[in-house]
Amino acid sequence: MSVLCLIANPNEPALDLPLLQRIQAETGGEINWLTQRIAAEIVKPKLAEPVEAARALIGDRPVDIALVPLANRRKRLLIADMDSTMIEQECIDELADAVGLKAEVADITARAMNGELDFEAALRTRVKLLTGLPISRMEEVRRERITFAPGGRALVQTMKTHGAFTSLVSGGFTYFADYIGKRIGFDEAMANILEIEGDALAGTVTEPILGREAKLSRLRTLAAFHDIPMAATLAVGDGANDLDMIKAAGLGVALHAKAVVAAQAQVKIDYGDLTALLYLQGYADEDIVR
Ligand SMILES: [Mg+2]
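We now turn to the structure provided with this report. Keep in mind the model is a prediction, meaning the values are calculated, not measured.

### Observations concerning the coordination of the magnesium ion
Around the magnesium ion, the donor atoms from the protein are Asp81 (OD), Asp83 (O) and Asp238 (OD), and they sit 2.1 Å away. Read N to C, the donor residues that coordinate the magnesium ion are spaced as D-x1-D-x154-D. Residues aspartate 81 and aspartate 83 agree in their burial class; the two are buried.

Here's what the structure looks like:
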């Protein structure tokens, strides 16, 4: 038993009833609105390949489509990437901007997130370029440059209200992840530690680096500790280092992700914001804690 989810961005409500009815005529199943014009589902579609049928009818409207199982619909564990997922920046690129090296560092970040470079080696290289950056500048970056991704707080608060455990796991840095995790309301935050000498960055990161395997490992550990079946877990991210946790989770979401990640994830969200992850779980407008 499955449900076909149709989700738009709250800023661009692209769904309407005639469109849903045309899709339902092809797929069968029952229409259920989650939020007017923004999110709806077709419960128990009868067509074998409802996603393709819906895609053909939706055309170029900015609507994400996903087919998810009805069993274990509401997840009890959320594990989320930080940079370009829960926040709209890559912290390391913003730090590099403070030392005039944004282009150089951002290029390495993009290649690492695309899976073209070894994550850990690429992190060491970039952190070395930040050697000597004063902590005061880092604080400015955290205060002035970082913006939260839309829907993130609603995602975390709604899942927590319904009993889920929420974890922010970042290949970035504790300096940002601890602060951002608290602001959004995550139960825990994990990241890499930037080493400091005097009042500036030493240019090194504490080993072992929290990379691709560590994210997957945190998902498995938390699921076991909280006695949650993998089918009831949700992982979200955008980079190649998120791919293992995305593939292992019951619901793995590539959010505005690099192509290599989107191609391998169970669900990709290209248009919606983080509230899309609530709609995938069947939460309706009135359930969402804002
Ligand atoms: Mg990321």
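Resuming the write-up.
### As for the environment of alanine 48
With respect to the helices, strands and loops of the structure, alanine 48 is situated in the loop between strand 3 (39-43) and helix 2 (50-58). A C-alpha to C-alpha distance of 15 Å links alanine 48 and isoleucine 65, two positions 17 residues apart in sequence.

### Let's talk about the packing of aromatic side chains
Using the criterion set out here, one finds one aromatic pair in the structure. Here the aromatic rings of tyrosine 175 and phenylalanine 176 are separated by 5.5 Å at their centres, their planes lie at 80°, and the arrangement is edge-to-face. Assessed through its relative accessible area of 21%, tyrosine 175 is described here as partly exposed. Between the NZ or CZ atom of arginine 142 and the centre of the ring of tyrosine 175, over which it lies, the distance is 4.1 Å. Positioned over the ring face of tyrosine 179 is arginine 142, at 4.6 Å from the centre of the ring.

### Remarks on the pairing of strand 1 (residues 2-8)
Note on strand geometry: in a regular strand, side chains alternate between the two faces of the sheet. Burial runs high along strand 1: six of the seven residues are buried. Strand direction decides the pairing type here: strand 1 and strand 4 (residues 63-69), joined by seven bridges, are antiparallel. Directly across from serine 2, in strand 4, lies its bridge partner proline 69. The sheet contact formed by strand 1 and strand 3 spans five bridges and is antiparallel.

### What to know about the packing of helix 1 (residues 17-27) against helix 2
For the pair helix 1 and helix 2, the least separation of the axes is 10 Å and the interaxial angle reads 145°. Once helix 1 is placed against helix 2, the crossing between them reads as right-handed. Residues Leu19, Arg22, Ile23, Glu26 and Thr27 of helix 1 touch helix 2, and the partners they reach there are Pro50, Ala53, Ala54, Leu57 and Ile58. Residues that form the contact of helix 1 with helix 2 fall into these classes: seven nonpolar, one polar and two charged.

### Observations concerning the pattern of salt bridges
Pairing is possible between side chains of opposite charge, provided their charged atoms come close. One pass over the structure, following the stated rule, counts 18 salt bridges. Put simply, glutamate 94 and lysine 102 hold a salt bridge, and the shortest N to O gap is 3.0 Å. For lysine 102, a relative accessible area of 31% puts it in the partly exposed group. The salt bridge involving arginine 143 is made with glutamate 144; its shortest N-O contact spans 3.9 Å.

The rules behind the values
- Residues numbered from 1 in each chain as written.
- Predicted model: local features only at pLDDT ≥ 70, side-chain atom pairs only at ≥ 80, totals over all residues.
- Heavy atoms only, no water.
- Donors = N, O, S within 2.8 Å, 3.2 Å for Na, K, Ca; no water.
- Buried < 20%, exposed > 50% of the residue type's maximum accessible area, 1.4 Å probe, protein only.
- Helix = DSSP H or I, 4+ residues; strand = E, 2+ residues; numbered from the N terminus.
- Phe/Tyr/Trp six-rings, centres within 6.5 Å; stacked < 30°, edge-to-face > 60°.
- Lys NZ or Arg CZ within 6 Å of the ring centre and 35° of its normal.
- Pairing = 2+ DSSP bridges.
- Axes fitted to C-alpha atoms, helices over the stretch in contact; angles between N-to-C directions.
- Left-handed = near helix turned anticlockwise from the far one by under 90°.
- Contact = heavy atoms within 4.5 Å.
- Nonpolar A, V, L, I, M, F, W, Y, C, P; charged D, E, K, R; others polar.
- Salt bridge = Lys/Arg side-chain N within 4 Å of Asp/Glu carboxyl O.

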